[in-house]
Protein chains: 2
Amino acid sequence: MVGIREVAEVAGVSMSTVSQVVSGNRPVSAATRARVEAAITHLGYRAHPGASQLRGGRTGTIALIVPTLENPFYPLVAAGMQDVLVPRDILLTVTDASGMDRSTNAIHRLLSRRVDAMVAAPFGIPAAGLAELHDAGIPFVTLGEEPPGGGDYVHSDDVRGARAVTEHLIARGRRRIAFLGGEESVIPTQQRLEGYRAALQAAGLPLRDDDVVFTEYTRQGGRDGAALLLERDERPDAIVAANDLIAIGVLDVTRARGLRVPEDVALTGYDDIDAASLVSPPLTTIENPAREIGRACARLLLERLDGDVTEVTRAVALSNRLVVRDST
Amino acid sequence: MVGIREVAEVAGVSMSTVSQVVSGNRPVSAATRARVEAAITHLGYRAHPGASQLRGGRTGTIALIVPTLENPFYPLVAAGMQDVLVPRDILLTVTDASGMDRSTNAIHRLLSRRVDAMVAAPFGIPAAGLAELHDAGIPFVTLGEEPPGGGDYVHSDDVRGARAVTEHLIARGRRRIAFLGGEESVIPTQQRLEGYRAALQAAGLPLRDDDVVFTEYTRQGGRDGAALLLERDERPDAIVAANDLIAIGVLDVTRARGLRVPEDVALTGYDDIDAASLVSPPLTTIENPAREIGRACARLLLERLDGDVTEVTRAVALSNRLVVRDST
DNA sequence: CTGAAAGCGCTTACAG
DNA sequence: CTGAAAGCGCTTACAG
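Residues numbered from 1 in each chain as written. Chains lettered and ligands numbered in written order. Predicted model: local features only at pLDDT ≥ 70, side-chain atom pairs only at ≥ 80, totals over all residues. Heavy atoms only, no water.

A few words on the nonpolar core. Ile62(A), Leu64(A), Leu85(A), Ile62(B), Leu64(B) and Leu85(B) are the most contacted members of the largest nonpolar core, which has 62 residues in total. Other than its neighbours up to four places away in sequence, Leu64(B) contacts Tyr74(B), Val77(B), Ala78(B), Met81(B), Leu92(B), Thr93(B), Val94(B), Thr95(B) and Val119(B). The next biggest cluster of nonpolar side chains, apart from the first, holds 45 residues, and it includes Val213(A), Ile239(A), Ile286(A) and Leu278(B). (Core = buried A, V, L, I, M, F, W, Y, C linked by side-chain atoms within 4.5 Å. Buried < 20%, exposed > 50% of the residue type's maximum accessible area, 1.4 Å probe, protein only. Contact = heavy atoms within 4.5 Å.)

Here it is as structure tokens:
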């Protein structure tokens, strides 16, 4: 392998000078620089990341931990992060935490690898994992909710989105609107529920406890929840699902029962994943800007890494918008 | 930071011994091992990856380059790779090459980072990129087709899959079956066409040139191809689409023309992406095991890295299976 | 089974 | 603006 030494020899300068040219950490005369650069090109020199890391401290790697890679929302977050990271020549490593017994393992593993920073969806990350992250003292951003103890986070305005979608149903004449959430404990569920409630309240519609059902953020979760909601005597005339996958599960049930959407029951999703426009009928939903969210995460991290941030917590709220399709 | 030196002090042994305990590269007495392990736990020691890398040579990182993260097939490949890589404590870095002018940049960048191995979808990777990869001498695997010049690759058995889906249509009584392929030049297209032909031939059905149309592997490609096939006087009574996205494009056209699927024309896809079961009618298709493909890629790489492989080229063909739904 | 020492390829004070 | 030298935290021959 060709190293800094070979380059220095060919260029007729010291190893320090080669290092300065590569890193730009101190001024080098134009003539010297040109000679060094010529030698680098000629020899095909590539810095050894391990060596730089050992001295410089940083690995140039940022990690993303997601609950699952099967929900297409998360790969898009990864793509957004890359939009920002690639120009800075930072590597992104993505971990699907669903396979590991506990995401704590993922955090631990990534910390051992000395990643420079991390973004994680906090859902299901046990407190111990978050604590370890805190102790490590590296910049990190959470997705969707503020980490306990404070820290940067990025979310789209869930209260507003859920409110918009519910108001849309009310405007369409629906009166008995149910809410089908994912896991009750996570903040996005709570905020979407809050938006739903706010819309009903503003319209003077009653809030009924049994119109709110919690399940999982999956297609199967949607099936389970829909089974509950739709077997009642007094069926809702609309369902606000907390994400598209849940809504798609609801469609499975309406189809099986011969219910027409939207005639018998109107339905809305959340996120606007590709599938939302492919199902039949295509879903009215809230566009959740996954890629933008990824970009924002990466930017927050980079600012911390660049050291010009003093605030403990910064929140980035991205706006979302209603996409009306045939399911309402 | 606590390093090997601190651990050695606390355990009352030399730094070498600590290193041996951590790496397992040479036998250590049980008593010593226990003392060292206690010290490691007590101090919370984590090896510095940069230092190990500088000596040991490997970064413990494997890269995956995909044409896009927006096609849900690829994130699943990534998830499959992780299934295999995580237990070996190897990091996966995923690059979406769509953003970069040329994937060559991605390859170059990853090589600079000294990733230990790489898997890439060869579609659209220019020869220069592949050549650089070859020169780097690191193990790599391609997706779907053999890399020019030879090397490991993983694909599902496309001939067999396409044959199965075509035989299924014949069994359903279809006689005039068209093939709607993606780009003619890529191997998967050629193999799926071969399977389709084999099925017709075995059934004694004629092969007509004008029943074979090539387009792009996209929804729009499907629309374009369907427009050609369905405007003829003698319409086919079935269409074998070379992937699900194409089939979904066909559905757009049948819907617009008031043709019923499967009554007027039966339709099959390929891949079984989520959307295949979401469209109406849901598609009969061939399940292309993305996650399994990812696992196989990782295993091939690991075997090379472990050094017990001498063959230049190894091909892994994964079996796929017919999924029958309402479109046939 | 264990230790002392060299060295992996860089970066960064320290000098000039 | 440039160079010589120390050292980052490990691993691995080399000895014993």
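Further remarks concern the pairing of strand β6 (residues 177–181) of chain A. Residue and element names in this part refer to chain A. Within β6, 5 of the 5 residues are buried, which leaves the element mostly enclosed by the surrounding structure. Here β6 shows a buried face lined by Ile177, Phe179 and Gly181 and a second buried face lined by Ala178 and Leu180. By the bridge criterion, 4 bridges tie β6 to strand β8 (residues 238–241) in an arrangement that is parallel. Bridge pairing links Ile177 to Ala238 in β8. Of the strand pairs in this sheet, β6 and strand β7 (residues 212–214) are connected by 3 bridges, and their pairing is parallel. Pairing of Gly181 across the sheet is with Phe214, part of β7. With helix α9 (residues 187–202) bridging β6 and its parallel neighbour β7, the resulting β-α-β unit is right-handed. (Helix = DSSP H or I, 4+ residues; strand = E, 2+ residues; numbered from the N terminus. Pairing = 2+ DSSP bridges. Right-handed = clockwise from strand over helix to strand, strands pointing away.)

Our focus in this paragraph is the layout of surface pockets. Estimates place the volume of the second largest pocket at around 1400 Å³. Lining of the second largest pocket is provided by 40 residues; of these, Val22(B), Ala47(B), His48(B), Pro49(B) and Ser52(B) occupy positions nearest its centre. At the level of secondary structure, the elements contributing two or more residues to the lining of the second largest pocket comprise α6 (103–112) of chain A together with α1 (4–11), α2 (15–23), α4 (49–56) and α13 (290–306) of chain B. For the lining of the second largest pocket, the element with the highest residue contribution is α4(B), accounting for 6 residues. Counted by class, the lining of the second largest pocket contains 14 nonpolar, 14 polar and 12 charged residues. (1 Å grid on protein atoms, 1.4 Å probe; cavity = no way out; pocket = protein on both sides within 12 Å on 5 of 7 lines; lining within 4 Å. Points joined across faces, edges and corners; volume = space filled by probe spheres on them. Nonpolar A, V, L, I, M, F, W, Y, C, P; charged D, E, K, R; others polar.)

Once that is clear, we can look at the interface of chain A and chain B. Counting residues at the interface gives 45 residues for chain A, matched by 45 residues for chain B. A combined buried area of about 4100 Å² lies between chain A and chain B, and 50% of that area is made up of carbon and sulfur atoms. In this structure, the connection of chain A to chain B is made through 6 salt bridges. Where Arg46(A) meets Glu132(B), a salt bridge forms, and the shortest distance between an N and an O atom there is 3.4 Å. Here chain A and chain B share 21 residue pairs in polar contact (both at pLDDT 80 or more) between them. When residues of the side of chain A that touches chain B are traced back to their parent elements, those giving at least two are α4 (49–56), α5 (73–85), β2 (91–96), α6 and α12 (274–278) of chain A. Looking at the side of chain A that touches chain B element by element, the count peaks at 6 residues for β2(A). Looking at the side of chain A that touches chain B residue by residue, the classes come out as 22 nonpolar, 12 polar and 11 charged. (Buried area = accessible area lost by both parts, 1.4 Å probe. Salt bridge = Lys/Arg side-chain N within 4 Å of Asp/Glu carboxyl O. Polar contact = N/O pair within 3.5 Å; in protein donor to acceptor, adjacent residues only side chain to side chain.)

Here the focus is the protein's contact with DNA strand C. In the vicinity of DNA strand C there are 27 residues, among which Ser19(A), Gln20(A), Thr17(B), Thr32(B) and Arg55(B) approach most closely. A share of 49% of the atoms of DNA strand C within 4 Å of the protein falls on sugar and phosphate groups. Between DNA strand C and Ala51(A) there is a distance of 3.5 Å, counted from a base nitrogen to a backbone nitrogen or oxygen. Looking at the surface near DNA strand C residue by residue, the classes come out as 10 nonpolar, 12 polar and 5 charged. (Near = heavy atom within 4 Å.)

Between chain A and chain B, the superposition needs a rotation of 178 degrees and an axial shift of 0.7 Å, giving an RMSD of 1.1 Å. Look at the turn and shift together and you get a two-fold axis relating the two. Taking the C-alpha atom as reference, chain A places Gly50(A) closest to the rotation axis, 1.9 Å from it. (Least-squares fit on C-alpha atoms with pLDDT ≥ 70 in both.)

A few words now on the sheet that holds β8(A). Residues and elements named next belong to chain A. Read from one edge to the other, the open sheet built from 4 strands follows the order β7-β6-β8-β9, with strand pairing classed as parallel. Edge positions in the open sheet fall to β7 and β9 (266–268), since each of these has one partner strand only. Ignoring which end each strand starts from, the neighbouring axes of this sheet average 15 degrees apart. Contacts from helix α8 (residues 158–171) reach β6, β8 and β9 within the one sheet, and its direction differs from that of β8 by about 170 degrees. (Axes fitted to C-alpha atoms, helices over the stretch in contact; angles between N-to-C directions.)

Take the packing of aromatic side chains next. Residue and element names in this part refer to chain A. Applying the stated rule across the entire model yields 4 aromatic pairs over all chains. Look at Phe73 and Tyr74: their rings are 5.3 Å apart centre to centre, the planes differ by 90 degrees, and that puts the pair in the edge-to-face class. No difference in accessibility class separates Phe73 from Tyr74, as the two residues are buried. Taking NZ or CZ as reference, Arg192 lies 3.9 Å from the ring centre of Tyr270, over its face. (Phe/Tyr/Trp six-rings, centres within 6.5 Å; stacked < 30°, edge-to-face > 60°. Lys NZ or Arg CZ within 6 Å of the ring centre and 35° of its normal.)

Next up on the list: the domain arrangement of chain A. We note that the domain assignment places domain 1 (4–47), domain 2 (61–156 + 291–318) and domain 3 (158–287) within chain A. Placing the centre of domain 1 of chain A and that of domain 2 of chain A at their C-alpha centroids yields a distance of 36 Å. (Domains from an automatic or database assignment.)

A word on the protein's contact with DNA strand D. Residues in contact with DNA strand D amount to 27 residues; listed here are only the nearest, Thr17(A), Thr32(A), Arg55(A), Ser19(B) and Gln20(B). Counting only the atoms of DNA strand D that lie within 4 Å of the protein, the sugar and phosphate share comes to 49%. Thr17(A) places a polar side-chain atom, nitrogen or oxygen, 2.6 Å from a phosphate oxygen of DNA strand D. Within the contact set of DNA strand D, a phosphate oxygen lies 2.9 Å away from a backbone nitrogen or oxygen of Ser29(A). Residues belonging to the surface near DNA strand D are distributed by class as follows: 10 nonpolar, 12 polar and 5 charged.

Okay, the pattern of salt bridges next. Per the stated rule, a full pass over the model turns up 44 salt bridges over all chains. Ionic pairing is found between Arg325(A) and Asp272(A), a salt bridge with its closest N-O pair at 3.1 Å. In this pair, Arg325(A) is assigned in the segment after β12 (321–323) and Asp272(A) in the loop between β9 and α12, connecting sequence segments 53 residues apart. Note that Glu70(B) is salt-bridged to Arg291(A), the shortest N-O span being 3.3 Å. Here Glu70(B), found in the loop between β1 (61–66) and α5 (73–85), pairs with Arg291(A), found in helix α13 (residues 290–306), and the two come from separate chains. Classification of Arg291(A) by relative accessible area gives partly exposed; the value is 23%.

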